[in-house]
Amino acid sequence: MKIYDMDGQRNISGERIYRMRTRKHITQAELAARVQTTGVILEQDAISRIERGLRMVQDYELRALALVLGVSADWLMQEDEK
């Protein structure tokens, strides 16, 4: 049996992506444009779904997001304590 979500979420990085994006005062559209400069096509609506935990994140997308946000992919994958 494949597991496609964990506690109703399809990723564990969305919350941290949102946190870092808003801390840097970057809109979702700006983040998408910056990610695209790395060669990874990621649209604003995909970022919205990632941040809400509704979309899985590919490894190459996570690497591009980390690069653009100035954090490590490991940091993005750490779960926040609830």
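The following refers to the structure shown. Given the structure is predicted, the values throughout are model-derived calculations rather than measurements.

## Digging into the overall build of the chain
Then, number 1: Helices and strands together make up the secondary structure of the chain, namely 5 helices and 0 strands.
Then, number 2: Going from N to C terminus, the chain has its helices and strands arranged as α-α-α-α-α.
Then, number 3: On C-alpha atoms alone, the chain measures out to a radius of gyration of 12 Å, which is about the 12 Å that the 2.2 N^0.38 rule sets for 82 residues.
Then, number 4: When the backbone C-alpha atoms are referred to their principal axes, the chain occupies close to 35 × 25 × 20 Å.
Then, number 5: Buried residues in the chain amount to 38% of all 82 residues.
Then, number 6: Taking the contacts inside the chain whose residues are at least 6 apart along the sequence as the reference set, 60% of them involve residues at least 24 apart.
Then, number 7: A total of about 5500 Å² of accessible surface is found on the chain, and carbon and sulfur atoms cover 50% of it.
Then, number 8: Averaged over its 13 positive side-chain charges, the chain has a centre that lies 3 Å from the centre of its 13 negative ones.

## Concerning helix H4 (residues 59-69)
Then, number 1: Among all positions of H4, only Glu61, Leu62, Ala64, Leu65, Ala66, Val68 and Leu69 are buried.
Then, number 2: The elements touched by buried residues of H4 are helix H1 (14-23), helix H2 (28-36) and helix H5 (73-77).
Then, number 3: One or two residues past the end of H4 sits Gly70, with phi positive at roughly 75 degrees.

## What about the packing of aromatic side chains?
Then, number 1: A full pass over the atoms with the stated rule returns 0 aromatic pairs.
Then, number 2: Across the ring face of Trp75, the terminal group of Arg16 is positioned such that the distance to the ring centre comes to 4.4 Å.

## Points about a nonpolar patch on the surface
Then, number 1: On the surface, Met6, Ile12 and Met77 cluster together into a nonpolar patch covering about 270 Å² of accessible area.
Then, number 2: Counting through the fold element by element, Met6 comes out in the segment before H1.

## Things to note about the packing of H2 against helix H3 (residues 44-51)
Then, number 1: Axis separation between H2 and H3 bottoms out at 8 Å; the angle between their running directions is 110 degrees. Taken together, the axes of H2 and H3 lie roughly perpendicular to each other. At the point where H2 passes H3, the crossing takes the right-handed sense. In this structure, H2 uses Gln28, Ala29, Leu31 and Ala32 to contact H3, whose residues at the interface are Gln44, Ile47, Ser48 and Glu51.
Then, number 2: Broken down by class, the residue content of the contact of H2 with H3 amounts to 4 nonpolar, 3 polar and 1 charged.

The rules behind these values
Note that residues are indexed from 1 along each chain, following the sequence as it is written. Local features in this predicted model are restricted to residues whose pLDDT is 70 or higher, and side-chain atom pairs enter the listing and the counts only when it is 80 or higher, whereas totals over whole chains, interfaces and linings include all residues. With hydrogens and water excluded, all non-hydrogen atoms of the structure serve as input to the side-chain values. Helix numbering and strand numbering both begin at the N terminus, where a helix is a DSSP run of H or I of at least 4 residues and a strand a DSSP run of E of at least 2. Computation of the radius of gyration draws on C-alpha atoms alone. For the globule rule, the value is 2.2 Å times the number of residues to the power 0.38. For every residue, the accessible area (1.4 Å probe, protein chains only) is compared with the maximum for its type, and the residue is labelled buried under 20%, exposed over 50%, or partly exposed between those bounds. Only heavy atoms matter for contacts: two residues are in contact if any of them lie within 4.5 Å across the pair. Each accessible area is a Shrake-Rupley estimate made with a 1.4 Å probe; only the visible protein chains count as cover when residues are assessed. We treat Lys and Arg as the positive residues and Asp and Glu as the negative residues; His and chain ends play no part in the count. Where a charge lies is defined by one atom per residue type: Lys uses NZ, Arg uses CZ, Asp uses CG and Glu uses CD. Each Phe, Tyr or Trp ring (for Trp, its six-membered ring) is paired with any other whose centre lies within 6.5 Å, and the angle between the two planes then decides the class: stacked below 30 degrees, edge-to-face above 60, tilted in between. Should the NZ of a Lys or the CZ of an Arg lie within 6 Å of a ring centre and within 35 degrees of the ring normal, that charge is described as sitting over the ring. Each patch is built from residues lacking any salt bridge and having more than 30% relative accessible area; the joining distance is 9 Å for like charges and 5 Å for nonpolar side chains (Val, Leu, Ile, Met, Phe, Trp, Tyr). Any carboxyl oxygen of Asp or Glu within 4 Å of a side-chain nitrogen of Lys or Arg constitutes a salt bridge here. Fitting a line to C-alpha atoms yields each axis, with helices limited to the stretch in contact; the angle taken between N-to-C directions then spans 0 to 180 degrees. Here the angle decides the label: under 35 degrees means roughly parallel, over 145 means roughly antiparallel, 65 to 115 means roughly perpendicular, and every other value means oblique. Helix crossings fall into two classes, left-handed where the near helix is turned counterclockwise from the far one by less than a right angle and right-handed where it is turned clockwise. As a working rule, the residues Ala, Val, Leu, Ile, Met, Phe, Trp, Tyr, Cys and Pro are called nonpolar, Asp, Glu, Lys and Arg charged, and the rest polar, with Gly in that last group.

So, to be careful, I would describe these as geometric facts and stop short of saying anything about function.
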